[in-house]
Amino acid sequence: MADAAQAPVQSGAVDSLHKWGMVIDVDLCTGCQACVVACQAENNIPLNTADHFVKHRAMEWIRIERYWEGEFPNVKARFIPVTCQHCGNAPCEPVCPVYAIQHSTEGLNVQTYNRCVGTRYCGNNCPYSVRVFNWEPHRWPESLHAQLNPDVTVRTQGLIEKCSMCLQRINRAKREEARQGRPMADGDLQPACAQACPTSAIVFGDWKDRNSRINRLANGTRAYHMLDELGTQPNLVYLKKVDPNYTGHGPEHAGAPAQHATRSLPVISG
Amino acid sequence: MQEWRELSSPKINDDLLKFPLHTPMWFWVAAAGLGTVIGAGTISFAIMIGGGLQFLGYNNQAQWAVLITNFVFWIGISHAGVMISAILRLTQAEWRRPVTRGAEILTVFSLATAMLMPILHSGRPWRTLYWEFPFDFSRAIWPDVRSALVWDPSAIFTYLLSSVMFVYVALIPDLSVARDRSLGVMHAIYAAAAMGFQGTKRQWRLQAIAGILLSALILPVFVSVHSIVSWDFAMALVPGWHSTVFPPYFVIGAVHSGVSAVATLMAILRWIFHLEDYITDDHFDSLGRLLVVVSTTWLFFFGMDFYYGIFSRDEMEIGIWNLRIFEPPYNVLFPLFLLTAYLIPVPLWLFRNVRRSVKWMFWTSICVNVGMWMERYILIVPPLSNKQAFPFSWVTVYQPQPIEWLLVAFTFAIVSTGILVFSKIFPIIPLFDIKEGQTLRRVVQVGRRTVPGVVRD
Amino acid sequence: MADGSRGGQGGVTRRQFLQAAATTSAGAVVFTGCQIPAREFMIQSRPQMAEDILTGYENYYATVCRACPAGCGTIIRVIDGQAKKVEGNPDHPLNLGKLCARGQATVQEQYHPDRLQGPMKRTGDRGSGSFLDISWDEALDTLRGRLEQIRRQGRQSEVALITNPLRAHRHFLVERFAAAYGLQWHALDLTGEAPLREAARRAFGSEILPEFDFQNARYVLSFGADFLGPWLSQVHHSVEYGRFRQGDYRAGQFRPKTSPQRGYLVQVEPRLTATGASADEWLWVKPGSEGLLALAIGQVMLAGGAADAEGARLVGGPRALDNYAPDRVWEQIGVPAERIRQIARAFGTQRPALAIGGGTVSTHTNSTESLTAIFALNLLAGNIGRAGGVLPNPGPAINGLTVNPRRDSLRDWQSLTERIRGGGIQAVLVKDANPVFDSPGALRFQEALANAPFVASFSSFRDETTLMADLILPSHLPLEEWGDDVPDPAPGFQIHTVQQPTVRPLYDTRSFWDVVLTLGEELGSPIREALPWPTFKDLLRERIRPLHTEGRGSVRETGFERFWVRMLQQGGWWDEGRTGESRQAAAVPDVTRLTSTFPAPQFDGGDRDYPFNLVLFPHNTLGSGENAHLPWLQAAPDPMTSATWQTWVEVNPQTAREMGLIEGDIVGIETPRGRIDLPVYVHPAASPSVLAVPLGQGHTSYGRWAERRGANPLDIVAPVTDQATGALAYGATRARLVKTGRRMSLPKYEGTAESVQIEEFQILKITRDA
Ligand SMILES: Nc1nc2c(c(=O)[nH]1)N[C@H]1C(S)=C(S)[C@@H](COP(=O)(O)OP(=O)(O)OC[C@H]3O[C@@H](n4cnc5c(=O)[nH]c(N)nc54)[C@H](O)[C@@H]3O)O[C@H]1N2
Ligand SMILES: Nc1nc2c(c(=O)[nH]1)N[C@H]1C(S)=C(S)[C@@H](COP(=O)(O)OP(=O)(O)OC[C@H]3O[C@@H](n4cnc5c(=O)[nH]c(N)nc54)[C@H](O)[C@@H]3O)O[C@H]1N2
Ligand code: SF4
Ligand code: SF4
Ligand code: SF4
Ligand code: SF4
Ligand code: SF4
């Protein structure tokens, strides 16, 4: 994916030193949920109760989707972490009536909780469904307040939240960079999910650093943008799952799942 | 040729001002009933403002649902007012006369009610101020004009404002009559509102010109409002919301539900105010004919929306239609919607007896609006439930909760109360218009030719 | 942008805007062109807030994760004395800066609202839950009084101390105390991996678990071991798995693999685990037949000459396994013979190839034999001591630490239960164990415990066992106390990690290890002499001193104080040069024993009455229930089903269709030992002959988030054991399914649609070659 490095520097963005991004290697994700819990610990995400799950209102800024293929015993399950793609041409941004969403000069899609009136139009328009509305007030038992991260606001009820690419860590690292007077090295700065991920399926870095890991990974043959056809110009690059036995929806293959690899939507198809 | 009875001017005044000037028992009963629903609705409203949206059945996928459905529904209803008044006025359709004011009032109240919905639906309603009005310059908070959510309130505000003016201009002569027949506080109110209208030739002329001008000006607004409301959807990336026919499809759908609502309203007015002399079977007949045309056009657009989805072979689009038509819970709703919005009422309207029966028209028009409410629901909820290619995250369990139904009932109660209170204060059928009609109908034999008794300016 | 007075980049300053607004009547025109100052969109982080806002003092402390037995190194972020976040220690050789969900949740345990806040004594009936707060003096007096009284009666051996399996100096301390006082010590780990250790001893000749060198392997054949899930050392295995697949993505070490070297994983198991989902091939086998499959694979290798010569000799020659030729045994395994041969060929030709086993394999009556057969494949692959193979681990770096920690088998546990029931035990002391919840229902341990004259618990939570206690002496939680650890398995070389207090104790609790030392002091001779240290920290410092004097490994400093501080900063000490030595010669007799008949797995319940195998598995985040009190872990979706906050039963779609079951239908799972009612999850990978149920839920008392949800499947397993080790064979029970007609909404993250990708819009793209 040669163009990933030149991936969108969005409208009006003044040249800034950094352009943050992530590469997610689908081949490495084991579905372990470490990133999900790390994100919750870092970003003061409210406790998801059983009721939230029953009502499908659970809040996760990064979620692991699991897709089935095939039927027993030739069955496969695959995992893919999905979080905000920090789109260069973000469908969520122009639909917000109050400018609560803005593209930062460093390639982030920034949500300003203060401004959000909670129309959820952005939620509809995000093709990746990563914008979560906080239906209920965030509450923790008093003793758990001790754990809350003071670098991150506790959001009030009635607004949309999503992955900030751990903006608080980016800000801190930049301050540190300014203080020490030298640029940070690739990997010095990590969001909570990438930091925790045991298999390093999530790699964070700076697209403007030519030698950064994300640039080198995104130059490989496995790189793709999720839902590229929508023209959202995501700032996140995925690396394809490798499956030597993959047959797509073709027929037989010795010992590997073949049929029903994917489903076709009904009625007529091409 | 429509039936026609000659009525004297004093009788018209007596008949049409009876309700504003005298209060029958049933008014209090109706007021109490509607008041109860409004009370319950207000409590729900307060609960929502205090506790937020947690009590709704909404979920991470269905982030817009009943409240927006209801919003689009009432915007749709509001379209009848102008449709009837402006078009019929400009084309000088005679039968419009008793219908116009009711329709316009319906517009005003349903618009105002519709605007409650997005406010309620937003997560932090107390902040919606800067959604539309730039007020906090120091923090650079102003609306983003790229957002359809800025266009749509602008359009609706414009429409509301023009409809209010429209109603008001038409009301002035009647206000002067009411002023002359009332005493005390009411007299003062009517006097102020009538703005010194005395029925001079110049005043009549100005009033007529203002009416015609407003009719002409409001027509583009009427067309654009629902087009713009459709952009809330058509501008979005959500599959199932994008077909290019959305604007005209929304407009014609609005007219379909709106004219039906006018029919319902007229039936009710005729029953409760005993206006058999004014709202005649002819009127229902005409509305019925109009509805056959409108609803069939609407069905055509609905078919186009479906056809585009299928024909474009966009798999996501097809998936949404599949969900709407074949998968639970929408597979139950879908046939119900088609039956109520078209298949039941329209064939019935082909029969003259049905069109001329108040009872039949009442029930079929109600039927249409039940169907059109479901149409909006089916339009909005399923595409969000299966948004984009993430089947792992698709959720089709959205169920409106009691509070949502209560809020829907609340909106019906507000509109009904609004119309009731309006008709308590002002004549719901324009006196002057009826009289003008009476006069115009009088013909004079001049030689071998028959000419109208009154020649228009 | 730290300078807030500047206007936004590419935008308009406030003044410019007001000027513009003042000079134009058409405000709307202005709005289109304007942008908001970028600073308005910055979420204010603490370092950027105004000076008048007080900020806390921040520190990072290295310590050890205690959320599972793996023993990863962690860094705790502490602000103003409050632990905020747990991060992986990037220096620690086991987890290299990575961490699992359970490790993250340590802070949630620390600030759990239902922690016990001080010592208590029972006031009401046992198990009624009414306790009275008392002082530590009174609590310790009571306990010491009891122990003294029992000693006067000469019945010290009738005191039972129950702990979880301990390592390093905790083991050292408890072992000494137990010996000096004369009590009996039981380390409870019924869902643990006892057969694994025995099999490792038989196959590799070492009591120390080896390191499986995934990262350098080319072909991994894994039997039942959910090594990417909660098996043994999740983070360590996952880090290595990442490199096995795609190389090293770590900053500074960045070395992605090129395509042909991507490791290939085959997972063999009766229930699809997350590891199975990540495998290139997933092979379903009949529960308990994994060892047979390993022997069949070995037979093909031997017969085809693909086996390593030395390995073949150890196993008994080229014809040693002929009884297990695929054609003879495939029916018992449930895998076509050709498929077995195909895997054997691949395993035999790819180098380095690695075979591992555990997890569900460890839950049968023939576990040890199965695992021995599986491990023997490594001998045939000739990978012992080689990169990408089985790397022997060295023992602890400090003398006097055990290499074979105490672990009770189910048989030991049964006899203890019977002694308690019969009144043969005067006092039961429980630390970090919850036997009432953790032992099979058939043992009726809770009922037995009611007969104990005195029960003391050192738990900080009111779990089921603590509820039965007469005296509660709540211990510090891991973030509050001193400790140390020797990871087992280690990554192939010596490690000694230290655990230091990172926050002040939140409540009136005490370190159990200090309490033991205090008791030892007060109980007098000979215990005082055996435990001469005033505190556990003193013990650690003195005992760790040799690491300093030896002058090797990752920390080398001149003075001990400096050494100690550096060690605390680094989170421990390790010596990559000190690896384990291969002692596989000792294995010969045990491996050859395989050539006789392989023991078929025995099941409780006939297959006519009980048509399904009941497969129980540890929950990804709740383990076997010890983490059920933490809401993050309850709410972390199960990788396969995405279910949360519940126990579920995985049912094959065809079976479900035939029985008319859909997701959320509550069914009864009946075994000869009892019944539990659970909601169904219709699972595309579930075998028609298996019902799989996660462990972890069913707590009746363990804090607000654990209680009254799901069911504990241990309640219905038969107390059957692995024949070789006596370990609980919790996979050896058969079950049947009965409909109840009741329904519930299964809380899960997944939506309501069938989760299969759309062909035209694959968000998860797949390629055949890397
Ligand atoms: N693949 C594909 N391509 C197509 C089509 C298709 O069906 N498929 N359809 C074709 C058709 S029919 C059309 S009409 C074209 C449309 O293609 P374009 O003409 O490119 O249409 P828009 O994307 O609406 O872009 C118009 C631009 O004008 C800006 N703009 C909006 N209002 C104003 C204004 O008042 N003044 C100025 N100066 N700028 C303004 C908008 O922000 C936007 O950037 O696309 C064509 N291309
Ligand atoms: N939501 C939305 N609405 C819009 C616009 C928008 O961008 N978005 N743009 C506006 C503009 S500028 C325009 S020009 C109009 C365009 O409005 P439409 O003309 O409705 O445009 P399309 O949706 O591009 O095409 C209509 C249908 O024709 C099908 N079609 C394609 N090729 C053929 C063919 O060879 N024969 C036949 N019979 N059908 C074919 C397409 O698959 C599609 O289903 O929409 C306007 N309205
Ligand atoms: S932590 Fe990494 S491996 Fe685990 S679920 Fe997240 S992305 Fe996947
Ligand atoms: S992924 Fe969604 S929320 Fe994130 S930038 Fe793109 S559209 Fe916006
Ligand atoms: S929910 Fe908030 S951020 Fe999203 S569009 Fe509405 S106001 Fe903007
Ligand atoms: S980058 Fe930060 S906010 Fe975004 S998903 Fe990862 S941990 Fe959460
Ligand atoms: S694997 Fe165990 S020790 Fe390591 S982080 Fe996870 S819970 Fe902690």
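Conventions and cut-offs
Residues numbered from 1 in each chain as written. Chains lettered and ligands numbered in written order. Predicted model: local features only at pLDDT ≥ 70, side-chain atom pairs only at ≥ 80, totals over all residues. Heavy atoms only, no water. Helix = DSSP H or I, 4+ residues; strand = E, 2+ residues; numbered from the N terminus. Buried < 20%, exposed > 50% of the residue type's maximum accessible area, 1.4 Å probe, protein only. Contact = heavy atoms within 4.5 Å. Areas by Shrake-Rupley, 256 points an atom, 1.4 Å probe, with all protein chains shown as cover. Lys, Arg positive; Asp, Glu negative; His and termini not counted. Charge placed at Lys NZ, Arg CZ, Asp CG, Glu CD. Pairing = 2+ DSSP bridges. Buried area = accessible area lost by both parts, 1.4 Å probe. Salt bridge = Lys/Arg side-chain N within 4 Å of Asp/Glu carboxyl O. Polar contact = N/O pair within 3.5 Å; in protein donor to acceptor, adjacent residues only side chain to side chain. Nonpolar A, V, L, I, M, F, W, Y, C, P; charged D, E, K, R; others polar. Axes fitted to C-alpha atoms, helices over the stretch in contact; angles between N-to-C directions. pLDDT = per-residue confidence, 0-100. Core = buried A, V, L, I, M, F, W, Y, C linked by side-chain atoms within 4.5 Å. Phe/Tyr/Trp six-rings, centres within 6.5 Å; stacked < 30°, edge-to-face > 60°. Lys NZ or Arg CZ within 6 Å of the ring centre and 35° of its normal. Near = heavy atom within 4 Å.

Next up on the list: the overall build of chain C. The helix and strand tally for chain C stands at 24 helices and 28 strands. Per-residue burial for chain C yields a buried fraction of 65% across its 770 residues. Across chain C, the fraction of contacts at a sequence separation of at least 24, relative to all contacts at a separation of at least 6, is 71%. Accessible surface for chain C amounts to roughly 26,200 Å². Of this, 46% is attributable to carbon and sulfur atoms. When the 80 basic and 85 acidic side-chain charges of chain C are each reduced to a single mean position, those positions are 2 Å apart.

Moving on: the pairing of strand S14 (residues 353-357) of chain C. All names here are of chain C. In terms of residue burial, S14 counts as a mostly covered element, since five of its five residues are buried. Neither face of S14 is open: one carries Ala 353, Ala 355 and Gly 357, the other Leu 354 and Ile 356, and all of them are buried. Inspection of the sheet shows strand S9 (residues 219-223) paired to S14 by five bridges, in the parallel sense. Its bridge partner lying in S14, Ser 222 is registered against Ile 356.

At the interface, 55 residues of chain A touch 58 residues of chain B. For the chain A and chain B pair, buried surface summed over both sides reaches about 4,600 Å², with 53% attributable to carbon and sulfur atoms. Applying the counting criterion to the chain A and chain B interface returns zero salt bridges. The tally of links from chain A across to chain B stands at 35 residue pairs in polar contact (both at pLDDT 80 or more). Put simply, the parts of the chain that give the side of chain A that touches chain B at least two residues each are strand S2 (62-71), helix H3 (121-125) and strand S6 (132-133) of chain A. With five residues, S2 of chain A is the single largest residue contributor to the side of chain A that touches chain B. Of the residues contributing to the side of chain A that touches chain B, the split by class is 31 nonpolar, 13 polar and 11 charged.

It is worth spelling out the sheet that holds strand S19 (residues 483-485) of chain C at this point. Residues and elements named next belong to chain C. Pairing is antiparallel in the open sheet, where three strands are placed in the order S19-S20-S21. Taken across any chain shown, the strands that pair with only one partner, and hence form the sheet edges, are S19 and strand S21 (572-579). Each strand axis lies, on average, 10 degrees off the axis of its neighbour in the sheet, ignoring direction. Here S19 pairs with strand S20 (residues 493-499) via three bridges, running antiparallel. Bridge pairing in S20 links Gly 483 to Gln 499. Set on the sheet, helix H21 (residues 560-570) makes contact with S20 and S21; between it and S21 the angle comes to about 90 degrees.

What follows deals with the confidence of the model for chain B. Residues and elements named next belong to chain B. Mean pLDDT for chain B: 86, with 92% of residues reaching 70 or above. Element-level pLDDT for chain B is lowest in strand S2 (residues 449-452), with a mean of 56, against a maximum mean of 96 in helix H13 (residues 345-349). Every residue in residues 452-457 is under pLDDT 50, and counting partners more than four places away or in other chains gives 16 contacts.

In terms of nonpolar packing, the biggest core is built from 266 residues, with Ile 80 of chain A together with Ile 380 of chain B touching the most fellow members. In terms of residue count, the dominant contributor to this core is helix H3 (residues 66-90) of chain B (15 residues). Apart from the residues lying within four places of it in its own chain, the contact partners of Ile 380 of chain B are Trp 64, Ile 68, Thr 69, Val 72, Phe 233 and Trp 241 of chain B. Core analysis: the second largest hydrophobic core is formed by 65 residues, Val 329, Val 335, Ile 340 and Val 390 of chain C among them.

Take the packing of aromatic side chains next. Going through the model one piece at a time under the given rule, you end up with 62 aromatic pairs over all chains. Seen in terms of ring centroids, Tyr 249 of chain B and Phe 250 of chain B are 6.1 Å apart; in terms of plane orientation they differ by 90 degrees. Their pairing is edge-to-face. Judged on exposure class, the residue Tyr 249 of chain B and its partner Phe 250 of chain B are both buried. The residue whose ring lies beneath Arg 120 of chain A is Phe 133 of chain A, and the NZ or CZ to ring-centre distance is 4.6 Å.

Taken together, 13 residues lie near ligand 3, and Cys 29, Cys 32, Gln 33, Cys 35 and Cys 197 of chain A sit nearest. Here the residues of the shell around ligand 3 sort into nine nonpolar, four polar and no charged.

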